[in-house]
Amino acid sequence: MWTPVGRGRWHGRALTVWAAAAAHRGLLKPRPTPTREAAAKSRTLDRLYSSADRKEKIDLSRFSVENIRNFSIIAHVDHGKSTLADRLLELTGTIDKTKNNKQVLDKLQVERERGITVKAQTASLFYNCEGKQYLLNLIDTPGHVDFSYEVSRSLSACQGVLLVVDANEGIQAQTVANFFLAFEAQLSIIPVINKVDLKNADPERVEKQIEKVFDIPSDECIKISAKLGTNVERVLQAVIKRIPPPKVHRKNPLKALVFDSTFDQYRGVIANVALFDGVVSKGDKIVSAHTKKTYEVNEVGVLNPNEQPTHKLYAGQVGYLIAGMKDVTEAQIGDTLYLHKQPVEPLPGFKSAKPMVFAGMYPIDQSEYNNLKSAVEKLTINDSSVTVHRDSSLALGAGWRLGFLGLLHMEVFNQRLEQEYNASVILTTPTVPYKAVLSSAKLIKEYREKEITIINPAQFPDKSKVTEYLEPVVLGTIITPDEYTGKVMMLCQARRAVQKNMMYIDQNRVMLKYLFPLNEIVVDFYDSLKSLSSGYASFDYEDAGYQTAELVKMDILLNGNPVEELVTIVHKDKAHSVGKAVCERLKESLPRQLFEIAVQAAVGSKIIARETVKAYRKNVLAKCYGGDITRKMKLLKRQAEGKKKLRKIGNIEVPKDAFIKVLRTQCDK
């Protein structure tokens, strides 16, 4: 057989004529006959690819509702949730046993780098117990207070939880918070005491703590070492015996809850769903209760822990669903999906997350605005607790004011933007949402409400317009060894906190409850608490409404002109110290000019702090070698007049890198 050396498209007789001429001139080369080895290799590859294409789909119909268990792992930070999840995956044969199995379910780069879980991850396990095969749907959850919204969402798809407690550390603040989340959801709770292999482990002390704080009998606790795999089999047996199967009906019309979602640029939105009723399969037409849009299901399956397509998903099971949702606004977490022309009563969904910290986010270069907008939209699908409002600034351009659940949440969101979408941003100083009660009917009519919420400090109303200001407060729980109690109390008092309760959870550990103003703890309280307690104290907080406060708006002036981006709201008693710190940082960051720059912090018309950036000064006396002093004085006076005139007409533009430096330093402190 002959093939042309060059490229071309030839038809019929033209090809025959060309072939004859080309063969005569040597332009056609004979195609080499394939060797036996090459032919065998080709057949092997074909067989491999065809077997990959025909990848067996799991048949989930063989799991009756009685043989399904849905559960989450909840705990304080670093108590061994992800390690226990790794052992459960190994024990059920979901993953191979190797030394590299560390944080298998923590798939994000930021999770690997920081060693913490940020996103709740789902995995379906198949386990044989007493001759029956069970389908166990496990959800590994984050432990930090900033990601508690992930925990509360995950619990909606479960009937029970494993409450993991470190045998060395004992009960800590987030252990208490997560217990009450599960308790309020009326889930079965199995206490698991982990890290019993540690030298200083004291599981008996932890058993007594669990009995005293949570009122769970000590004989229900399971003592394990997730790292070594000791006693982990008992955990799986307890899951089957103590956690009830889901209460669902497969004969009813489809009712599925979207409890998480991610965005894939090729396949669109991948929704994690828990089926409460009915069955869903590929090709079904489904409707979103939120948008009323109809979609065709392209793929359903379970996470094992990677995506494993199945023929169908049945009521009581947890899996994923792809239905060609291409727009980021279509996949609402908490939405109910049902079959076309078979409407159902929507599930209650989730309470929307209440942001605790707000920060401005701007692209470093305004030409990147659209790319950053797309990245923020896609990331907020995966992290629905972030709120987004359009914003703009004279110095930084167009951007957004984003609401986060805490400072770590803000840092992780920023890091994910950089790593997953290659987007570099400027983040302004984090602030908290304040409220103001308006004084006159005219203002109430203008704002259309008596109580207004302020998320941007630049929009803080003047004292003459309001009767009172309100600041957000949180109920904080601190658990600390008793030798640090005095230091912790002093720290809390310095942060304007009011003590509400104090309780010994055992002979050596104290649980303190304080009412904190949110702006006092949002930036550096946790770091201060850890440093003065040698890392032993733990902290957790929950929203506790608003209280009246003496708040003032602090402006930063450069030669008398206010800088909008650096406006902050502070308590009256702290205005001087905060103003002084900002002025000092600006003095270090601003480039010197030919005239002097006065950097001032002002509350109303009163200047409370000042720093001066010295001017560049030409040596006008360089040409004077001796001579009359009046000549020198005349030259110096003329220079001073020129500087004074320059200062009047000189316009100070704060460079963007100086802004970034000041704002980042404020975040770091």
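Look above for the structure.
Parameters at a glance
- Along each chain, the written sequence defines residue order, and numbers are assigned to residues from 1.
- Given that this is a predicted model, residues contribute local features only at a pLDDT of at least 70 and side-chain atom pairs are listed and counted only at 80 or more, while totals for whole chains, interfaces and linings are drawn from all residues.
- Side-chain measures here rest on the full set of heavy atoms in the structure, leaving out hydrogens and waters.
- Note on pairing: DSSP must find at least two bridges between two strands before they are called paired.
- In DSSP terms, a helix is any run of H or I states spanning at least four residues, a strand is any run of E spanning at least two, and both are numbered starting from the N terminus.
- Structural elements are reduced to axes, namely lines fitted to C-alpha atoms, with helices fitted over the stretch in contact, and the angle between N-to-C directions of any two is expressed from 0 to 180 degrees.
- A carboxyl oxygen of Asp or Glu within 4 Å of a side-chain nitrogen of Lys or Arg is what we treat as a salt bridge.
- Exposure classes here rest on a 1.4 Å probe applied to the protein chains alone. A residue is buried below 20% of its type maximum, exposed above 50%, and partly exposed in between.
- Residue count minus one, scaled by 1.5 Å, sets the expected span of a helix.
- The labels follow the angle: roughly parallel below 35 degrees, roughly antiparallel above 145, roughly perpendicular from 65 to 115, and oblique for the rest.
- Crossings are classed by handedness, with left-handed meaning an anticlockwise turn of the near helix from the far one by less than a right angle and right-handed meaning a clockwise turn.
- Only heavy atoms enter the contact rule, under which two residues are in contact if any of them lie within 4.5 Å.
- Residues are grouped as follows: Ala, Val, Leu, Ile, Met, Phe, Trp, Tyr, Cys and Pro are nonpolar; Asp, Glu, Lys and Arg are charged; all remaining types, including Gly, are polar.

Structural notes on the sheet that holds strand 19 (residues 357-363)
Moving on, step 1. As summarised here, the arrangement of the 4 strands in space is 20-21-19-22, forming an open sheet in which the pairing is antiparallel. Both outer strands of the open sheet, strand 20 (387-393) and strand 22 (425-427), are each paired with one neighbouring strand and no more. Each adjacent strand pair in this sheet contributes to an overall mean axis angle of 30 degrees, direction not counted.
Moving on, step 2. Relative to strand 22, strand 19 runs antiparallel, the two sharing 3 bridges.

Focus: the pattern of salt bridges
Moving on, step 1. Going through the model one piece at a time under the given rule, you end up with 19 salt bridges.
Moving on, step 2. Lys580 is paired through a salt bridge with Glu584; the nearest N and O atoms lie 2.9 Å apart. A residue pair is termed a helical-turn pair when its members lie 3 or 4 positions apart in one helix, as Lys580 and Glu584 do in helix 15 (residues 575-589) at 4 residues.
Moving on, step 3. Lys580 gets classed as partly exposed once you look at its relative accessible area, which sits at 37%.
Moving on, step 4. Look at the salt bridges and you will find they share partners, linking Glu471, Arg496, Glu520 and Lys574 into a network.

Here's the deal with the pairing of strand 27 (residues 509-517)
Moving on, step 1. Taking burial as the measure, the 9 residues of strand 27 include 8 buried ones, the bulk of the element.
Moving on, step 2. Bridge count for strand 25 (residues 466-481) against strand 27 is 9 bridges, and the pairing is antiparallel. Its bridge partner being in strand 27, Ile478 is matched across the sheet by Leu512.
Moving on, step 3. Sheet analysis places strand 26 (residues 498-504) next to strand 27, joined by 6 bridges and oriented antiparallel. Note on strand 27: the bridge partner recorded for Met502 is Leu512.
Moving on, step 4. Turn length for the strand 26-strand 27 hairpin, with the two strands adjacent in sequence and antiparallel, is 4 residues.

Things to note about helix 6 (residues 173-184)
Moving on, step 1. Helix length check: helix 6 (12 residues) gives 17 Å between terminal C-alpha atoms against 16 Å at 1.5 Å per residue, within 8%.
Moving on, step 2. Within the span of helix 6, buried status applies to Ala173, Gln174, Thr175, Val176, Asn178, Phe179 and Ala182.
Moving on, step 3. Directly after helix 6, the chain includes Gln186, whose backbone phi takes a positive value near 60 degrees.

Some points on unusual backbone geometry
Moving on, step 1. Of note, Asn231 is a non-glycine position whose phi angle comes to about 70 degrees, a positive value.
Moving on, step 2. Mapped onto the elements of the fold, Asn231 is located in the loop between strand 8 (222-223) and helix 8 (232-242).
Moving on, step 3. By relative accessible area, which is 31% here, Asn231 ends up partly exposed.
Moving on, step 4. Backbone geometry at Asn559 places phi at a positive 50 degrees, although glycine is not the residue there.

Side note on the packing of helix 12 (residues 485-494) against helix 14 (residues 525-532)
Moving on, step 1. One can describe the packing of helix 12 onto helix 14 by two numbers: an axis separation of 10 Å at closest approach and a directional angle of 160 degrees. In terms of orientation, helix 12 and helix 14 fall into the roughly antiparallel class. As for the relative orientation of helix 12 and helix 14, their crossing is right-handed in sense. The residues of helix 14 that touch helix 12, namely those facing Lys487, Val488, Leu491 and Cys492, are Phe525, Ser528, Leu529 and Leu532.
Moving on, step 2. A per-class count over the contact of helix 12 with helix 14 returns 6 nonpolar, 1 polar and 1 charged.

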